[in-house]
Amino acid sequence: HGSMEVQDEALKQPNLSRVLSHRTLATKSKVDAAREKFKQVTQNLIDEANISLQYFESHYEKFTTSLQASPVEKKKEIGQREEWIEEMNLQMERVQSTLGHLIKGPAHKAKTKIEEKKEKVEKKKSGARKLLTRLLFGWVMIFGFLAIINSGHIYVCALVAFLQILTFRELANVRYKQFKARYVPMFRTIQWGWFFTAMFYVYSDGLQGFFKGLSPEYARSIAPFHDFMSFSLYAAMFCITVVSFKKGFYKYQMKQLAWTFITVFMIVFQMKFAIENIKAGMFWFLLPCSLVICNDCMAYFCGKAFGKKLIKYPFMRLSPNKTWEGFIGAYLFTCIFAFVYPLVLVKSKWLICSFAELEKDPTAISCSVDKVFLPELYDIPSALVGFVGAEQVRMLPVQMHSVLLGMFASLVAPFGGFFASAIKRAYDIKDFDALIPGHGGIMDRMDCQFIMAMCTGVHYTTFIHPKVACRC
């Protein structure tokens, strides 16, 4: 649609490439004239766009009015309606064609470049803010963690239990569907019931050593009934779960039950070793936590500095932001840190003494130091004597154990983070929670700590103080 006068006027407009040719570019009046003509053509384009919109709306009104007519009139106007639709489609094609030509022009490309530059600047600013927030709250968590460790073993156990509760809450919320849960009786109660049943079994067994120090009589009276009470809770939860099954929701309830058992295993039973590590000495709790933190930090900074510059092949599809450079760099720095860090920790007898020793002497003055913390001489392999410059080296045995744990923290523990990434991708979430600014939820920070605590406990009972074989 459009009058022939407007089309003729548009055709009469001189070619701007001729007006702005190299021969007349130096003449300001020519440039000003071209500017005015460009504004006039643009205004004509806007007018034509408005006319097209009015034309389309008028045809739309006629079309809808025709549909509301009587059946007889509808049949008569079938041809007319098809003609209106054809004209509307034709006008739409003309408008889209004009828009397509404008989008391909230099003005739109320039606008796109400007917007891309703004996005890059905003992304850099946002990244800097996120990094500062991450560092700030990271230091807050570290100092808070050290303050709780300084408070004593009972407070550290309470911290571990509190973090387990928060982590279970985050994982339970991942699969929570409110519209289904409200039709399932005691949905939340059953989930938390299984969690606290497992917590009771693990903690009441693991904390018997602490209870002996606080109240020996109470510990002796309750210890024989530990298994019975745990089994009673299990049997009660088993019956309650079966009774809660509701027709039409069996599959949903089974999936939720399976998810609950998986999270209980990850959060509760892996962290059972954390209690044993604390009882063995705060050293064996602080060391693995520090190794995971070191590995996480070094992976981040090495990835930012060298990521995808040396090795182009993707590292892990579950975590596209992870790089080979970050993984390898974190491994090297964590092993170095693992070798040096025990030298700092062993300076405090309170850290290396077991809880049983500290019960006798809270000052740790009379604490008997384990041989793993005493320096020994080690022979250097003949092939490395020339490189080292000595045939023997004096160091602590615990340094070698720490390096082995550091290797595990670098090579295996990160798979806890990959598993957490798989959960987030499966349920389309960025973080498990927003509890810690710049870090996400507790699970986002604890994903590697679970298996690391378990590894440390197994390593301690296998290579440091092996369990006595059962005389059956």
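Data block above holds the structure.
Here we summarise the structure given alongside this text.

Right, let's talk about the environment of phenylalanine 339 for a bit. Take phenylalanine 339: it is sitting in helix 16 (residues 324-345). Judged by its relative accessible area of 34%, phenylalanine 339 falls in the partly exposed class. Residues phenylalanine 339 and methionine 400, spaced 61 residues apart in sequence, show a C-alpha to C-alpha distance of 7.0 Å. When sequence neighbours within four positions are dropped, the list of residues in contact with phenylalanine 339 reads Met395, Gln399 and Val403.

Here we take up the environment of leucine 286. Positionally, leucine 286 belongs in helix 15 (residues 283-306). Residue leucine 286 is classed as buried on the basis of its relative accessible area of 5%. Sequence separation of leucine 286 and leucine 345 is 59 residues, and the distance between their C-alpha atoms is 8.9 Å.

To continue, consider the environment of tyrosine 300. Structurally, tyrosine 300 is set in helix 15. Taking the C-alpha atoms as reference, tyrosine 300 lies 8.3 Å from lysine 322; in sequence the two are 22 residues apart.

Bringing the pattern of salt bridges into the picture now. A side chain of one charge can pair with a side chain of the opposite charge when the charged atoms of the two come close. In total, this model carries five salt bridges according to the counting rule given. With a closest N to O distance of 3.8 Å, lysine 279 and glutamate 276 form a salt bridge. Of the two residues, lysine 279 and glutamate 276 both sit in helix 14 (residues 272-280), three residues apart, roughly one turn of that helix. Taking relative accessible area as the criterion, lysine 279 reaches 25% and is therefore assigned partly exposed. Looking at glutamate 276, the relative accessible area reads 33%, which means it is partly exposed.

Turning to the packing of aromatic side chains, a few remarks are in order. By the definition in use, this model includes 23 aromatic pairs. Seen from their ring centres, phenylalanine 168 and phenylalanine 195 are 4.5 Å apart, and the 20° between their planes marks the pair as stacked. Highlighted residues: phenylalanine 168 in helix 7 (residues 153-174) and phenylalanine 195 in helix 9 (residues 187-206), separated in sequence by 27 residues. Phenylalanine 168 gets classed as buried once you look at its relative accessible area, which sits at 1%. Since its relative accessible area comes to 0%, phenylalanine 195 is described here as buried. Seen in terms of ring centroids, phenylalanine 283 and tryptophan 284 are 4.9 Å apart; in terms of plane orientation they differ by 80°. Their pairing is edge-to-face. Sitting over the ring of tyrosine 300, arginine 134 keeps its end group 5.2 Å from the ring centre.

Bringing the state of the cysteines into the picture now. Tallied over the entire structure, the rule returns one disulfide. A sulfur-sulfur distance of 1.7 Å marks the disulfide that ties cysteine 353 to cysteine 367. One disulfide, between cysteine 353 and cysteine 367, carries an S-S torsion of -125° and so falls in the left-handed class. Taken together, the residues span a long stretch of sequence, with cysteine 353 in the loop between helix 17 (349-352) and helix 18 (355-360) and cysteine 367 in the loop between helix 18 and strand 1 (376-379) at a distance of 14 residues. A relative accessible area of 1% means that cysteine 353 is categorised as buried.

What counts and what doesn't
- Residues numbered from 1 in each chain as written.
- Predicted model: local features only at pLDDT ≥ 70, side-chain atom pairs only at ≥ 80, totals over all residues.
- Heavy atoms only, no water.
- Helix = DSSP H or I, 4+ residues; strand = E, 2+ residues; numbered from the N terminus.
- Buried < 20%, exposed > 50% of the residue type's maximum accessible area, 1.4 Å probe, protein only.
- Contact = heavy atoms within 4.5 Å.
- Salt bridge = Lys/Arg side-chain N within 4 Å of Asp/Glu carboxyl O.
- Phe/Tyr/Trp six-rings, centres within 6.5 Å; stacked < 30°, edge-to-face > 60°.
- Lys NZ or Arg CZ within 6 Å of the ring centre and 35° of its normal.
- Disulfide = S-S within 2.5 Å.

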